[in-house]
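For reference, the chains in residue letters:
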Amino acid sequence: MRIGILTGGGDAPGLNAVIRAVTKSLIRQCQAEVIGIEDGALGLIERRVRPLDWRAVSGILAAGGTILGTHNRCSPLGWQGRDWRDDIVAYARELGLDGLVAIGGDGTMAIAQLLHAHGLPTVGVPKTIDNDIVGVERSFGFDTAVHTVTEALDRIQTTGQSHGRVMLVETMGRNAGWIALEAGLAGGADVILLPEIDFDLAAVAAVCRQRQAAQRYTVICVAEGAKPRGGAQVVQRRVADSPEPVRLGGIAHGLQAALEPLLDTEVRATVLGHVQRGGTPTPADRVLATLYGSAAADLVREGAWGTMVGLQQGAITRLSLAQAAGRTRPVPLDHPLLLAARRIGISLGEG
Ligand code: F6P
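As a starting point, this report considers the structure included with it.

Calculation notes
Residues numbered from 1 in each chain as written. Predicted model: local features only at pLDDT ≥ 70, side-chain atom pairs only at ≥ 80, totals over all residues. Heavy atoms only, no water. Buried < 20%, exposed > 50% of the residue type's maximum accessible area, 1.4 Å probe, protein only. Helix = DSSP H or I, 4+ residues; strand = E, 2+ residues; numbered from the N terminus. Pairing = 2+ DSSP bridges. Right-handed = clockwise from strand over helix to strand, strands pointing away. Salt bridge = Lys/Arg side-chain N within 4 Å of Asp/Glu carboxyl O. Axes fitted to C-alpha atoms, helices over the stretch in contact; angles between N-to-C directions. Parallel < 35°, antiparallel > 145°, perpendicular 65-115°, else oblique. Left-handed = near helix turned anticlockwise from the far one by under 90°. Contact = heavy atoms within 4.5 Å. Near = heavy atom within 4 Å. Polar contact = N/O pair within 3.5 Å; in protein donor to acceptor, adjacent residues only side chain to side chain. Nonpolar A, V, L, I, M, F, W, Y, C, P; charged D, E, K, R; others polar. Disulfide = S-S within 2.5 Å.

Some thoughts on the pairing of strand β5 (residues 122-126)
Line of reasoning, step 1. For β5, the tally of buried residues reaches five of five residues, placing the bulk of the element in the interior.
Line of reasoning, step 2. The two faces of β5 match: T122, G124 and P126 on one face and V123 and V125 on the other face are all buried.
Line of reasoning, step 3. Where strand β4 (residues 99-104) lies against β5, five bridges are found, and the strand directions are parallel. For A102, the partnering residue across the bridge sits in β5 and is G124.
Line of reasoning, step 4. Viewed along the sheet, the connection from β4 through helix α4 (residues 106-117) into β5 turns out right-handed.

Side note on helix α6 (residues 178-186)
Line of reasoning, step 1. The buried fraction of α6 amounts to seven of the nine residues, a majority that puts the element mostly inside the structure.
Line of reasoning, step 2. Residues of α6 that are buried include every one of W178, I179, A180, L181, E182, A183 and G184, and no others.
Line of reasoning, step 3. Downstream of α6 by a residue or two, G188 has a phi angle that is positive, lying close to 65°.

A few points about the pattern of salt bridges
Line of reasoning, step 1. Under the definition given, this model contains 24 salt bridges.
Line of reasoning, step 2. Ionic pairing is found between R50 and E38, a salt bridge with its closest N-O pair at 2.8 Å. You can see R50 sitting in strand β3 (residues 49-52) and its partner E38 sitting in the loop between β2 (33-37) and α2 (41-45), a full twelve residues away along the chain.
Line of reasoning, step 3. Classification of R50 as partly exposed rests on a relative accessible area of 29%.
Line of reasoning, step 4. Across the pair E244 and R174 runs a salt bridge whose closest N-O atoms are separated by 2.7 Å. Here R174 lies in the loop between β6 (166-171) and α6 and E244 lies in the loop between β9 (235-238) and β10 (246-248), a separation of 70 residues in the sequence.
Line of reasoning, step 5. Several salt bridges share partner residues, and in doing so they unite E38, D39, E46, R48 and R50 into one network.

Details of the packing of helix α5 (residues 142-163) against α6
Line of reasoning, step 1. Contact geometry for α5 and α6: axes closest at 8 Å, N-to-C directions at 50°. Classified by the angle their axes make, α5 and α6 are oblique. Between α5 and α6 lies a crossing of right-handed hand. Contact residues: α5 offers F142, A145, V146, V149, T150 and L153, while α6 offers W178, I179, E182, A183, G184 and A186.

So, the site of the ligand
Line of reasoning, step 1. Around the ligand lies a shell formed by N72, I129, D130, M172, G173, R174, E224, R247, H274 and R277.
Line of reasoning, step 2. Within the contact set of the ligand, an oxygen atom lies 3.1 Å away from a side-chain nitrogen or oxygen of N72.
Line of reasoning, step 3. Classifying every residue of the shell around the ligand gives two nonpolar, three polar and five charged.

A few points about the environment of S320
Line of reasoning, step 1. Within the fold, S320 resides in strand β13 (residues 315-320).
Line of reasoning, step 2. Judged by its relative accessible area of 27%, S320 is partly exposed.
Line of reasoning, step 3. The spatial distance from the C-alpha of S320 to the C-alpha of V331 is 22 Å, given a sequence separation of eleven residues.
Line of reasoning, step 4. Once you skip the residues sitting within four places of it in the chain, S320 turns out to touch G306, T307 and M308.

Quick notes on the state of the cysteines
Line of reasoning, step 1. Scanning all chains against the criterion turns up zero disulfides.
Line of reasoning, step 2. Considering cysteine sulfurs only, C221 is the nearest to C208, which forms no disulfide, with 14 Å between them.

What follows is the structure in structure tokens.
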């Protein structure tokens, strides 16, 4: 058996742990040959691959990023204005691939589904720091991102406290608020603003004023996708050739400018950005990535093509690629963490 493996979309801590687990499981259980495809679907178009043997995947468990490289602009449908599906399937046949393991987010699952439907048997492994994949209650990379943001909030708090300032910390997460919510709770934020709940500027200013009178400082954890009631998300850039061109970012600076005239306090903004995607995965992410990788190898062994690994109530599940492709999972408005936040007096920016 010969299996290709690729990582697509933005990187996330734990990708190498998955590559290692898939490769080792397939070598041990099926004596498979594993072929690493470089830079996601782009490697299938540009014909860039390399063999992955036991040695190639040893010692990579704790490394951030992906040893294969990744790409979040290339889609087989439309890259450089062409449909590459026939070329990719022909190349996979030339390589003698029996199937493909695609590790990525909703965009990569959509690509996986396209290739699968076009004759390249594919299974998927969900990945994203955003934790927003349908059918996956915890994606690897998320825990590491939450740790990074929590540490940043801890540091921001001491300087905010010393100067009596309002401190804004902006997290990633696209249209889902999972990172801001969990890190905001873990880092003791006073206000948590999520894409799922449009915030009321006057309500946020009122919290800052109350805290100014009592504690002198306020920490606000704001997700990049959050927006004011009646307002729009802040778009940082548009990546023209990307299947999903919008890149969010900058709401913290917008909020700083809007809040400062309403307060007697200085307001400072920190945008954490890609620091949330880098670095070594936490132990929890290494374990989850290993679990997902070995489960994906099971799907390959069973010939369960067209499916991906999922996680529900702590147990590994499988779902069809089509179920996850191009869809995301926002924080439900009745989520227990939202209720807990409100109960302990954290503002969610509601008026
Ligand atoms: O999906 C992961 C993610 O880090 C998002 O949280 C963020 O909006 C986006 O990717 C940033 O993408 P890029 O690396 O292209 O700037």
